[in-house]
Amino acid sequence: MVVVSHEGILKDSKFSQFLRNAVEWLKPSPEALVGVHPRLDSLCQSLLGGDVKVQAGAELSPSLGVYCMDAYDSTRAKDLVGFVKRGGGLLVGGQAWHWASRHGKEKVLFEFPGDQVTSVAGVYFTGSEGETGTFSVSKEMLRIPLITQPSWWEDVGRGDAAQLALTIGSCIHEKCTCSPEVTGLHD
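Now for a quick tour of the structure.

1. Focus on the pairing of strand S4 (residues 64-70)
Successive side chains on a regular strand alternate, one facing one side of the sheet and the next facing the other.
Thinking step 1. By the criterion of burial, S4 is predominantly enclosed, with seven of the seven residues buried.
Thinking step 2. Where strand S2 (residues 33-36) and S4 come together, four bridges link them in parallel fashion. Its bridge partner lying in S4, Gly35 is registered against Tyr67.
Thinking step 3. With five bridges joining them, S4 and strand S5 (residues 89-93) adopt parallel strand pairing. Within S5, the position partnered with Met69 by the bridge is Val92.

2. With respect to the sheet that holds S2
Thinking step 1. Pairing within the open sheet is parallel, and its five strands lie in the order S1-S5-S4-S2-S3. At either margin of the open sheet sits one strand with a lone partner, and together these are strand S1 (2-4) and strand S3 (53-55). Neighbour-to-neighbour, the strand axes of this sheet turn through a mean angle of 15 degrees, independent of strand direction.
Thinking step 2. Across three bridges, the pairing between S2 and S3 is parallel. In the sheet register, Gly35 faces S3, and the bridge partner there is Gln55.
Thinking step 3. On the sheet, helix H3 (residues 41-48) packs against S2, S3, S4 and S5 and is oriented at approximately 155 degrees with respect to S2.

3. Brief notes about helix H2 (residues 16-26)
Thinking step 1. For H2, the full list of buried residues reads Ser16, Leu19, Arg20, Ala22, Val23 and Leu26. Down the axis of H2, the sector holding all buried residues measures 160 degrees, keeping them to one side.
Thinking step 2. Where H2 is buried, its residues contact S1, helix H1 (7-11), S2, H3, S4 and S5.

4. Section: the pattern of salt bridges
Thinking step 1. Evaluation of the coordinates by the stated rule reveals four salt bridges.
Thinking step 2. Of the charged contacts, one joins Asp70 and Arg39 as a salt bridge, the two residues approaching to 2.8 Å between their closest N and O atoms. In this pair, Asp70 sits in strand S4 while Arg39 sits in the loop between S2 and H3, placing the two residues 31 residues apart along the sequence.
Thinking step 3. Given a relative accessible area of 43%, Arg39 falls into the partly exposed group.
Thinking step 4. One salt bridge connects Arg76 with Asp79, and the closest N-O pair in it is separated by 2.9 Å.

5. Some words on the packing of H2 against H3
Thinking step 1. Two elements in contact, H2 and H3, have axes whose closest approach is 9 Å; the angle formed by their N-to-C orientations is 80 degrees. Considering their axes alone, H2 and H3 lie roughly perpendicular with respect to each other. In this structure, H2 uses Ser16, Leu19, Arg20 and Val23 to contact H3, whose residues at the interface are Leu43, Ser46 and Leu47.
Thinking step 2. A per-class count over the contact of H2 with H3 returns four nonpolar, two polar and one charged.

6. Some details on the environment of Gly127
Thinking step 1. By secondary structure assignment, the location of Gly127 is in the loop between strand S6 (123-125) and strand S7 (145-147).
Thinking step 2. Measuring from C-alpha to C-alpha, the distance between Gly127 and Trp99 comes to 7.5 Å, with 28 residues separating the pair along the chain.
Thinking step 3. Among residues more than four places away in sequence, those in contact with Gly127 are Ala96, Trp97, Ala100, Lys105 and Val108.

Definitions and limits used
For every chain, the first residue of the written sequence is number 1, and numbering continues from 1 along that sequence. With pLDDT at 70 or above as the cut-off, local features in this predicted model cover only qualifying residues; side-chain atom pairs require 80 or more to be listed or tallied, and sums for whole chains, interfaces and linings still use all residues. In computing side-chain properties, one takes all heavy atoms of the structure into account and sets aside hydrogens as well as water. Only protein chains enter the accessibility calculation, which uses a 1.4 Å probe; a residue whose area is less than 20% of its type maximum is buried, one above 50% is exposed, and one in between is partly exposed. The numbering of helices and of strands both runs from the N terminus, where a helix is a DSSP run of H or I of at least 4 residues and a strand a run of E of at least 2. Only strands that DSSP links by at least two bridges are regarded as paired with each other. Only the stretch in contact is used when fitting a helix axis, every axis being a line fitted to C-alpha atoms; angles between N-to-C directions are given from 0 to 180 degrees. Should any heavy atoms of two residues lie within 4.5 Å, those residues are considered in contact. Working note: the arc is built from the helix axis to C-beta atom directions. Between Lys or Arg on one side and Asp or Glu on the other, a salt bridge is scored when a side-chain nitrogen of the former is within 4 Å of a carboxyl oxygen of the latter. Oblique is the label for every angle not falling under 35 degrees (roughly parallel), over 145 degrees (roughly antiparallel), or within 65 to 115 degrees (roughly perpendicular). Three residue categories are used. Nonpolar comprises Ala, Val, Leu, Ile, Met, Phe, Trp, Tyr, Cys and Pro, charged comprises Asp, Glu, Lys and Arg, and polar comprises the others, including Gly.

Any link to function would need more than the numbers given here.
Encoded structure:
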């Protein structure tokens, strides 16, 4: 699973090489078919620039090796989780700050549509808005543990309250190391 912090990244040609690399990494086999959700037609053009078999306007199906989507529809969440657990690759992009402004930040981790899929991999969207700018990237991996309340982990179904979570930009990841993420689309 590859998660990007804004659906615009999936539609922006400036990220086409990154997106092709991500899809190649996600493919379970070199000849795997890549399905692209109907709302992401421009992503098809970026992927077609490489050696990728793309099915535009695709709905999730077992014939796909990778599925590309935004984070705003949870109607097929269980199917998507099953697809990933069976070895399918998932490229998903979104942000939850607008959703949080309507539903409340406290509901994002458990009710935001994208989190219903990405949470199984330990990746969560938050309701926080990211900063736009140019930022230096350290050559060393970041190690910023955030100890959470035991009840939070039990609610998520993890049960292990001693686990640490890491907050970077607009995502939370359950490991103590993480690579920097792209958070802005501006030059």
